[in-house]
Amino acid sequence: HSNAGRIRIVATATGHELVLEVIDDGDGISEGVASPGIGQRIMKYRAGLIGADFEIRSAPGEGAYIRCRIPLAHFSHQPIQP
């Protein structure tokens, strides 16, 4: 949707969290949008289910930056699925 020419996906783990970042050079998210789209709401909702911090930063014509910080403690309580 963003008309991006480039996208970068970064995953970083620290001692206490996993940080996922998505950065693009697309159109950005218009300030005139009254409320976030369904995709943004679903991402924020799902992040909340696992106790993660979710952030979107964007400006029209300047691309988008999305970050999800997931506490590693969340993974220690989950059974491993085959």
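A brief look at the structure comes next. (Residues numbered from 1 in each chain as written. Predicted model: local features only at pLDDT ≥ 70, side-chain atom pairs only at ≥ 80, totals over all residues. Heavy atoms only, no water.)

The next subject is the pairing of strand β3 (residues 53-58). Bridge count for β3 against strand β4 (residues 64-71) is six bridges, and the pairing is antiparallel. Each bridged residue has a counterpart across the sheet, and for Glu55 the counterpart in β4 is Arg67. (Pairing = 2+ DSSP bridges. Helix = DSSP H or I, 4+ residues; strand = E, 2+ residues; numbered from the N terminus.)

Reading across the sheet, the four strands line up as β1-β2-β4-β3 and stay open at both edges, with antiparallel pairing between neighbours. Two strands lie at the open edges of the sheet, namely β1 (7-13) and β3, each paired on one side alone. Recorded for the sheet is a direction-independent mean angle of 10° between the axes of neighbouring strands. Across seven bridges, β1 lies against strand β2 (residues 17-24) in antiparallel orientation. Following the sheet pairing, Arg8 is matched in β2 by Ile23. Its contacts with the sheet place helix α1 (residues 38-49) against β3 and β4, and it is angled at close to 150° to β3. (Axes fitted to C-alpha atoms, helices over the stretch in contact; angles between N-to-C directions. Contact = heavy atoms within 4.5 Å.)

Positioned with a positive phi, Asn3 is a non-glycine residue whose angle comes to about 60°. For Asn3, a relative accessible area of 63% corresponds to the exposed category. (Buried < 20%, exposed > 50% of the residue type's maximum accessible area, 1.4 Å probe, protein only.)

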